[in-house]
There are 2 protein chains.
Amino acid sequence: MCESNAYIEDNGNEILYLEAVDILRPEGGKIYLKNFWGEEKVFKGEIKEISFLKHRIVLRIKSEIMIDKQNDGSHNG
Amino acid sequence: MCESNAYIEDNGNEILYLEAVDILRPEGGKIYLKNFWGEEKVFKGEIKEISFLKHRIVLRIKSEIMIDKQNDGSHNG
């Protein structure tokens, strides 16, 4: 599988931000990420670089935006 | 290998823009792409969506920028 890990660049270090990213979608100044397990993140910031061969996404994040998690209203049991 | 194809969205159709993208790097209002074989493209525009699992990059391109190709000056034979 070809999902990539997203890292935050911070003073030359890279910190893991989200594992196994499937979807990356810029949305009007924000960037939306969703990973293989359905975990979602939204942040203000930018993409520094993506290497598809290295499975690496490097991000610069100004601020993270909390998601109002309502995408699964089902309660089984 | 996990390189992805880049497509241009055009009136609901998707046109192949660059095969086997390795590197994607926003650079001050432009986006730089380089593929597995070293082919490079630069355009003004934006990323619509990337799906790493589907190996798909969808772009909106305003204008393409010609690259002054000087990255391989060697002549073997």
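Scroll up to find the structure.
Here the structure is a predicted model, which means the values were calculated and not measured.

Rules behind the numbers
Residues numbered from 1 in each chain as written. Chains lettered and ligands numbered in written order. Predicted model: local features only at pLDDT ≥ 70, side-chain atom pairs only at ≥ 80, totals over all residues. Heavy atoms only, no water. Salt bridge = Lys/Arg side-chain N within 4 Å of Asp/Glu carboxyl O. Helix = DSSP H or I, 4+ residues; strand = E, 2+ residues; numbered from the N terminus. Buried < 20%, exposed > 50% of the residue type's maximum accessible area, 1.4 Å probe, protein only. Contact = heavy atoms within 4.5 Å. Buried area = accessible area lost by both parts, 1.4 Å probe. Least-squares fit on C-alpha atoms with pLDDT ≥ 70 in both. Core = buried A, V, L, I, M, F, W, Y, C linked by side-chain atoms within 4.5 Å. Phe/Tyr/Trp six-rings, centres within 6.5 Å; stacked < 30°, edge-to-face > 60°. Lys NZ or Arg CZ within 6 Å of the ring centre and 35° of its normal.

**Student:** What should I look at first to understand the pattern of salt bridges in this one?
**Tutor:** Pairing between side chains of opposite charge can happen when their charged atoms approach one another. Residue and element names in this part refer to chain A. The full count for this structure, using the stated rule, is 14 salt bridges over all chains. The closest approach of N and O atoms between Arg60 and Glu9, which form a salt bridge, is 3.4 Å. You can see Arg60 sitting in strand S5 (residues 56-65) and its partner Glu9 sitting in strand S1 (residues 4-10), a full 51 residues away along the chain. In this structure Glu9 comes out as partly exposed when scored by relative accessible area, which is 26%. Because the salt bridges share partners, they merge into one network encompassing Glu9, Glu46, Lys48 and Arg60.

**Student:** Sorry if this is basic, but what is going on with the interface of chain B and chain A here?
**Tutor:** Put simply, an interface is often sized by how much accessible area is lost when its parts join up. Taken together, the contacts link 20 residues of chain B with 20 residues of chain A. Taking both partners together, chain B and chain A bury about 1,800 Å²; carbon and sulfur atoms supply 66% of that area. Together, Cys2, Phe52 and Leu53 of chain B form the three largest contributors to the area buried by chain B at its contact with chain A, with a combined 40%. Linking chain B with chain A are 2 salt bridges, by the criterion used here. Glu49 of chain B is paired through a salt bridge with Arg25 of chain A; the nearest N and O atoms lie 2.7 Å apart. Going through the elements one at a time, strand S2 (13-27) and strand S4 (40-51) of chain B are the ones with two or more residues in the side of chain B that touches chain A. Ranked by residues supplied to the side of chain B that touches chain A, first place goes to S2 of chain B with 6 residues.

**Student:** Even after reading the chapter, I still don't get unusual backbone geometry, so can you show me in this structure?
**Tutor:** The phi angle of most residues is negative, glycine excepted, and most peptide bonds adopt the trans form. Residues and elements named next belong to chain A. Not every positive phi belongs to a glycine, and His55 is a case in point at roughly 60 degrees. Locating His55 in the fold gives a position in the loop between strand S4 (40-51) and S5. A relative accessible area of 27% places His55 in the partly exposed class.

**Student:** Could you clarify how one ought to interpret the relation of the copies chain B and chain A in this entry?
**Tutor:** What relates the two chain copies is a rotation about an axis together with a slide along it. Aligned on chain A, chain B shows an RMSD of 0.0 Å; the corresponding rotation is 180 degrees and the shift along the axis is 0.0 Å. Such values leave the two copies arranged in the relation of a two-fold axis. Of every C-alpha in chain B, the one belonging to Cys2 of chain B sits nearest the axis of rotation, 2.7 Å from it. By residue overlap, the copies meet face to face through one surface: 100% of the interface positions of chain B are interface positions in chain A.

**Student:** It is not clear to me how the nonpolar core should be interpreted in this structure. Could you clarify?
**Tutor:** In globular proteins that are soluble, nonpolar side chains generally tend to be buried together. Formed by 28 residues in total, the largest nonpolar core has its most connected members in Leu24, Leu33 and Ile50 of chain A together with Leu24, Leu33 and Ile50 of chain B. Leu24 of chain B has contacts with Glu49, Ile50 and Phe52 of chain A together with Ile31, Tyr32, Leu33, Ile47, Ile50 and Ile57 of chain B, leaving out every residue within four places of it along the chain.

**Student:** It is not clear to me how the packing of aromatic side chains should be interpreted in this structure. Could you clarify?
**Tutor:** For any pair of aromatic rings, geometry is given as the distance between the ring centres together with the angle between the planes. Taken as a whole, this structure holds 5 aromatic pairs over all chains when the rule is applied. Judged by centre distance (5.5 Å) and plane angle (25 degrees), the ring pair of Phe52 of chain A and Phe52 of chain B falls under stacked. With Phe52 of chain A in the loop between S4 and S5 and Phe52 of chain B in the loop between S4 and strand S5 (56-65), the pair connects residues from two separate chains. Using a relative accessible area of 1% as the deciding quantity, one classes Phe52 of chain A as buried. Sitting over the face of the ring of Tyr7 of chain A, Arg56 of chain A holds its NZ or CZ atom 5.4 Å from the ring centroid.

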